[in-house]
Amino acid sequence: MSADLTLALTLWTADYLQTRTVANRPAAYYESGGTVFHLMGSHPSDSRVNQYFGAGMIAIAGSYYILPKPWNHVAMVVVIGSEAAQVRHNLLLGVKFRF
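Here goes a summary of the coordinates provided. All figures in this text were calculated on a predicted structure; none of them were measured in a lab.

Digging into a nonpolar patch on the surface
A contiguous nonpolar patch, built from Leu67, Trp71, Val74 and Val78 and spanning about 380 Å² of accessible area, is present on the exposed surface. On the secondary structure map, valine 78 appears in helix 4 (residues 71–92).

This is the structure:
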């Protein structure tokens, strides 16, 4: 597995853990707007979060292996950039990683 795919999946997993934290503490956090919450709702269930992030993980890994070089690496850079920004944003709001 390449370093860029590993980093993309690691950041995706960090976002997943933060999203589960938000979903399990609806009184502490309220999400509004954004594409994800149009798909999952403002207070998604664990099941919905698991389905969304599981499908996303398959899509990320699948795109890496399906796309030809160098496009597979370009796709990972896009994922890394967007997920790093999201995880950072969540951390600045005080969203922790809960296992």
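Focus: the pattern of salt bridges
Pairing is possible between side chains of opposite charge, provided their charged atoms come close. Overall, the coordinates contain one salt bridge when judged by the stated rule. As a salt-bridge pair, arginine 20 and aspartate 46 come within 3.6 Å of each other at their nearest N and O atoms. Highlighted residues: arginine 20 in helix 1 (residues 3–24) and aspartate 46 in helix 3 (residues 46–66), separated in sequence by 26 residues. By relative accessible area, arginine 20 is classed as partly exposed at 22%.

Quick notes on the packing of helix 3 against helix 4
Closest axis-to-axis distance for the helix 3/helix 4 pair is 8 Å, and the angle between their directions is 155°. Between helix 3 and helix 4, the angle falls in the class roughly antiparallel. Seen from above, helix 3 lies across helix 4 with left-handed handedness. Note on element contacts: helix 4 touches helix 3 through Asn72, His73, Met76 and Val79, opposite Ile60, Ser63 and Tyr64. Grouping the amino acids of the contact of helix 3 with helix 4 by side-chain chemistry returns four nonpolar, three polar and no charged.

What counts and what doesn't
- Residues numbered from 1 in each chain as written.
- Predicted model: local features only at pLDDT ≥ 70, side-chain atom pairs only at ≥ 80, totals over all residues.
- Heavy atoms only, no water.
- Patch = residues over 30% accessible without salt bridge, like charges linked within 9 Å, V, L, I, M, F, W, Y side chains within 5 Å.
- Areas by Shrake-Rupley, 256 points an atom, 1.4 Å probe, with all protein chains shown as cover.
- Salt bridge = Lys/Arg side-chain N within 4 Å of Asp/Glu carboxyl O.
- Helix = DSSP H or I, 4+ residues; strand = E, 2+ residues; numbered from the N terminus.
- Buried < 20%, exposed > 50% of the residue type's maximum accessible area, 1.4 Å probe, protein only.
- Axes fitted to C-alpha atoms, helices over the stretch in contact; angles between N-to-C directions.
- Parallel < 35°, antiparallel > 145°, perpendicular 65-115°, else oblique.
- Left-handed = near helix turned anticlockwise from the far one by under 90°.
- Contact = heavy atoms within 4.5 Å.
- Nonpolar A, V, L, I, M, F, W, Y, C, P; charged D, E, K, R; others polar.

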